[in-house]
Amino acid sequence: MKPTDVPTRNFPTAKEECRNLPPHPEYDGPGSAYELAFKDESFLLRQDMRHVRMQLELMKPELMLNEQGVKSTIVIFGSARILSADAAHDLMAAAEASGDEAALRIARSKLQMSRYYEEARRFAQIATTGCAERGRPVVVATGGGPGIMEAGNRGAYEVGGKSVGLNIVLPHEQYPNPYITPELCFRFHYFGLRKMHFLMRAVALVCFPGGFGTLDELFETLTLIQTRKSRRRPILLFGREFWSKLLNIELLLETGMISPGDEKLFHYVETAEEAWSVLEAEPELSSVTAP
């Protein structure tokens, strides 16, 4: 007989135990030796309990994603600093009104880069709809913050789909955008565990222009695939002009820093439609999303 077949639990749950504990006037209280270990926040936050916190940070999203039926994801990476077209136009109008040349330069750059926000938004719409039509949705996942992350969650939201947000505690640039499915909005302390959850369910990674954080996530994925620590999956880089200026792949090949064929670990794409056509041709995506 399985434990779930027993009509009545033999023991109270941990939650019930905590709720029903009678207070003790002498020994009770936060941080006391008498406090239940799993209820004692000051104990759990000790430096030498880091391994337990890391395990919890691995397990909480894993259990909740499974409960929500999220088995496969398309991960969208990119800068938190890229604005939507509307926000970029507003910034441009304000800069023009001010007459400040420095503000105008920044506004022009923001307006130019805003096309990537709109492509990410449209790609998430197309991918969410396209996967749902196959009868087994693949859920969009992002880092949960503003910019390209917001665009990905927003696109899925606008077509009625779920999406995941894997937020990280940072002093700036990180707050949950309003388009994440509430049950799938997570927050991490450890970058490493957050990156594990990016890849554990990913059937594809779609990378938009970004800074250090985007490059960190991109190169970790490329390294894991190159070294065969991770199975191969499609990696799409939006914007050949941006990426070819930033990454000199030819130099890496010429100097033997990567092997011939490693340059084929990713594809350049320019539009949401082009990106989706590449993914549709991938056997892995087709097998995952087939009814």
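Scoring rules and cut-offs
- Residues numbered from 1 in each chain as written.
- Predicted model: local features only at pLDDT ≥ 70, side-chain atom pairs only at ≥ 80, totals over all residues.
- Heavy atoms only, no water.
- Buried < 20%, exposed > 50% of the residue type's maximum accessible area, 1.4 Å probe, protein only.
- Helix = DSSP H or I, 4+ residues; strand = E, 2+ residues; numbered from the N terminus.
- Pairing = 2+ DSSP bridges.
- Core = buried A, V, L, I, M, F, W, Y, C linked by side-chain atoms within 4.5 Å.
- Contact = heavy atoms within 4.5 Å.
- Axes fitted to C-alpha atoms, helices over the stretch in contact; angles between N-to-C directions.
- Left-handed = near helix turned anticlockwise from the far one by under 90°.
- Salt bridge = Lys/Arg side-chain N within 4 Å of Asp/Glu carboxyl O.

Draft legend 1. Region of the structure containing the pairing of strand β1 (residues 73-77). Of all 5 residues in β1, 5 are buried; the element is thus mostly enclosed. Residues T73, V75 and F77 point to one face of β1 and I74 and I76 to the other, with burial holding for every one of them. When β1 meets strand β2 (residues 139-142), the two strands line up parallel, connected through 3 bridges. Counterpart to T73 in the pairing with β2 is V139. As judged from the 5 bridges shared by β1 and strand β5 (residues 202-207), these two strands associate in the parallel manner. Residue pairing for β5: I74 is matched across the bridge by A204.

Draft legend 2. Looking closely at the nonpolar core. Of all hydrophobic cores here, the largest spans 32 residues; its most connected members are V164, L218, I235, L237 and W243. At the level of elements, β1, β2, β3 (163-168), β4 (185-188), α7 (191-200), β5, α8 (212-226) and β6 (235-238) are the ones that each hand at least two residues to this core. Residue contributions to this core peak at 4 residues, all from α8. Once residues lying within four places of it in the same chain are set aside, the contact partners of V164 are L65, V70, V139, V140, A141, T142, N153, I180, L184 and F186. Of all hydrophobic cores here, the second largest spans 27 residues; its members include I74, Y117, A120 and A204.

Draft legend 3. Region of the structure containing the packing of helix α5 (residues 101-133) against helix α6 (residues 148-158). As a packed pair, α5 and α6 sit with axes 7 Å apart at the nearest point and diverge in direction by 35 degrees. Relative to α6, the crossing made by α5 is right-handed. Contact with α5, carried on its side by Y116, Y117, A120, R121, A124, Q125 and T128, involves I148, E150, A151, G152, R154, G155, A156 and E158 of α6 and no other residues of that element.

Draft legend 4. Representation of the pattern of salt bridges. Applying the stated criterion across every chain, the model contains 14 salt bridges. Across the salt bridge formed by R201 and E62, the nearest N and O atoms sit 3.1 Å from each other. In this pair, R201 sits in the loop between α7 and β5 while E62 sits in helix α3 (residues 50-67), placing the two residues 139 residues apart along the sequence. Residue E241 pairs with K245 through a salt bridge whose shortest N-O separation is 3.6 Å. Of this pair, E241 and K245 both sit in helix α9 (residues 240-246), 4 residues apart, which is roughly one turn of that helix. Taken individually, E241 and K245 each receive the classification exposed, so the pair is uniform in this respect. Taken together, the salt bridges that share partners define one network made up of E118, R121, R154 and E158.

Shape descriptors only; they carry no functional weight alone.
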